[in-house]
Amino acid sequence: MKLVRAIREMREVRAPLDAPFGFVPTMGALHAGHLSLVRRARDLCPRVGASIFVNPAQFNDKRDLERYPRTLERDLEMLRGAGCEVVFAPEPSEIYPDGFSTSIDVGPVARPLEGAMRPGHFNGVAVVVTKLLNIVRPTHAVFGQKDAQQLAVIRRMVRDLDLPVEIVAGPTMREADGLAMSSRNALLTAEDRAAAPIVWQALSAVGDAYSRGERDAGLLRGLMSGVLSRERRALPEYVSVADPVTLVELEQIGPAGALVSLAVKFGAVRLIDNVVLGPR
Ligand code: PAF
């Protein structure tokens, strides 16, 4: 496996590789969830690469950026084991040289939920993903379903800008107690880690109610809030039952189904999770 730090070298490495080429962009601190995205890419493409770049432009909180776990050597071992051929791990100055000033506003789908709680976050995601896609030029790029709004924003942007890549969703991987795998889980205190499965319990309660025929979105939001209120360490930022493509909040869940999502703080750590109801 080749480790590449410079844009020019990444282009040179990629140029002779035949399509289809699968790509998994990451911010490192890898876990089994990321490896499942690499496996998904390998199912679709004979050749697969990944990137490791903690993107400063998508952190609206400087402390969050500083605290973000960085485990490069371990990440490289994991990617090698998973069958990646090349890993692009640039320095911030390579991606954002002096004078860099472009921003990408993907529009309404980027505004609610994470967009409202983290101003500028999706502009930063959109810019870095566009740059990575331009540099690596994959035929397929795999993103985790756990970051459901990110996936919706990237799908919208790729369609709007006619970027020549297929966006693929990789399923959320969960710990035995239901907690969605996330690089941020490592930052939870022992007490908060023990409390965090309440997030999955809240989503499961909604899934169960939907299976029993409940379609009233307000009632389902209330159900989630009620479950979360049982855990005093859990501080919800939002609970949402929204259209899965536009992310507009629903009154009733119709044939298009719904994206049910939430963000909950445990101490200084913010966890997000979601389930998709109905047809995908
Ligand atoms: O999901 C992530 O890890 C990041 O948002 C991404 C897509 C790698 C862009 O920095």
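A brief structural summary.

The rules behind the values
- Residues numbered from 1 in each chain as written.
- Predicted model: local features only at pLDDT ≥ 70, side-chain atom pairs only at ≥ 80, totals over all residues.
- Heavy atoms only, no water.
- Salt bridge = Lys/Arg side-chain N within 4 Å of Asp/Glu carboxyl O.
- Helix = DSSP H or I, 4+ residues; strand = E, 2+ residues; numbered from the N terminus.
- Buried < 20%, exposed > 50% of the residue type's maximum accessible area, 1.4 Å probe, protein only.
- Axes fitted to C-alpha atoms, helices over the stretch in contact; angles between N-to-C directions.
- Parallel < 35°, antiparallel > 145°, perpendicular 65-115°, else oblique.
- Contact = heavy atoms within 4.5 Å.
- Pairing = 2+ DSSP bridges.
- Near = heavy atom within 4 Å.
- Polar contact = N/O pair within 3.5 Å; in protein donor to acceptor, adjacent residues only side chain to side chain.
- Areas by Shrake-Rupley, 256 points an atom, 1.4 Å probe, with all protein chains shown as cover.
- Nonpolar A, V, L, I, M, F, W, Y, C, P; charged D, E, K, R; others polar.
- Phe/Tyr/Trp six-rings, centres within 6.5 Å; stacked < 30°, edge-to-face > 60°.
- Lys NZ or Arg CZ within 6 Å of the ring centre and 35° of its normal.

**A word on the pattern of salt bridges**
Per the stated rule, a full pass over the model turns up 17 salt bridges. Here Asp-273 ties to Arg-174 by a salt bridge, and the two come within 2.8 Å at their closest N and O atoms. Taken together, the residues span a long stretch of sequence, with Asp-273 in strand β9 (residues 269–277) and Arg-174 in the loop between β6 (166–170) and α9 (190–195) at a distance of 99 residues. On the accessibility criterion, Arg-174 (24% relative accessible area) is partly exposed. Put simply, Glu-249 and Arg-221 hold a salt bridge, and the shortest N to O gap is 2.8 Å. Taken as a pair, Glu-249 in the loop between β7 (235–242) and β8 (258–266) and Arg-221 in helix α11 (residues 217–228) lie far apart in primary sequence, 28 residues in all. Under the relative-accessibility criterion, Glu-249 is labelled partly exposed at 37%.

**Notes on the packing of helix α1 (residues 7–14) against helix α7 (residues 121–136)**
Interhelical geometry of α1 versus α7 gives an angle of 45° and a closest axis separation of 8 Å. With respect to α7, the axis of α1 lies oblique. Within the contact between the two elements, α1 uses Ile-7, Met-10, Arg-11 and Arg-14 and α7 uses Asn-134, Ile-135 and Val-136.

**Section: the sheet that holds β6**
Strand order across the open sheet formed by six strands is β1-β4-β3-β2-β5-β6, with parallel pairing between neighbours. Two strands bound the open sheet, and with one partner strand each, they are β1 (2–4) and β6. Strand-to-strand twist in this sheet, taken as the mean axis angle between neighbours without regard to direction, amounts to 25°. In this structure, strand β2 (residues 21–26) lies alongside strand β3 (residues 47–52), joined through six bridges in parallel fashion. Looking across to β3, one finds that Phe-21 is bridged to Arg-47. Against the sheet, α1 makes contact with β1, β2 and β4 (86–88), and its axis sits at roughly 145° relative to β1, the strand it touches most. Sitting on the sheet, helix α2 (residues 32–44) touches β2, β3, β5 (140–144) and β6, and the angle it makes with β5 is about 150°.

**Focus on the site of the ligand**
The environment of the ligand is formed by Pro-25, Thr-26, Met-27, Asn-55, Gln-58, Val-128, Phe-143, Asp-147 and Gln-150. At 2.6 Å from an oxygen atom of the ligand is found a side-chain nitrogen or oxygen belonging to Gln-58. For the ligand, an oxygen atom lies 2.6 Å from a polar atom in the side chain of Gln-150. Protein coverage of the free-state accessible area of the ligand, which is 290 Å², stands at 89%. Here the residues of the shell around the ligand sort into four nonpolar, four polar and one charged.

**Some details on the sheet that holds β8**
Judged by pairing direction, the sheet is antiparallel, and its three strands sit side by side in the order β7-β8-β9 without closing on themselves. In this open sheet, the two strands that pair with only one neighbour each are β7 and β9. Here the average twist between neighbouring strands, direction ignored, is 10°. Pairing analysis gives nine bridges linking β8 to β9, with the strands arranged antiparallel. Opposite Val-260, over in β9, you have Val-275 as the bridge partner. Relative to the sheet, helix α10 (residues 198–211) contacts β8 and β9, its axis offset from that of β9 by approximately 15°.

**Brief notes about the packing of aromatic side chains**
Aromatic ring pairs are described here by two measures, namely the spacing of the ring centres and the angle between the planes. Here the structure, examined in full by the defined rule, presents three aromatic pairs. Here the aromatic rings of Phe-59 and Tyr-68 are separated by 5.6 Å at their centres, their planes lie at 75°, and the arrangement is edge-to-face. Classification of Tyr-68 by relative accessible area gives buried; the value is 7%. Measuring from centroid to centroid gives 5.1 Å for Tyr-96 and Phe-100, while their planes differ by 80°, and the two rings are edge-to-face. On the basis of relative accessible area, Tyr-96 is assigned to the buried category, the value being 17%. The residue whose ring lies beneath Arg-215 is Tyr-210, and the NZ or CZ to ring-centre distance is 3.8 Å.

Interpretation in functional terms is not warranted from these geometric data alone.
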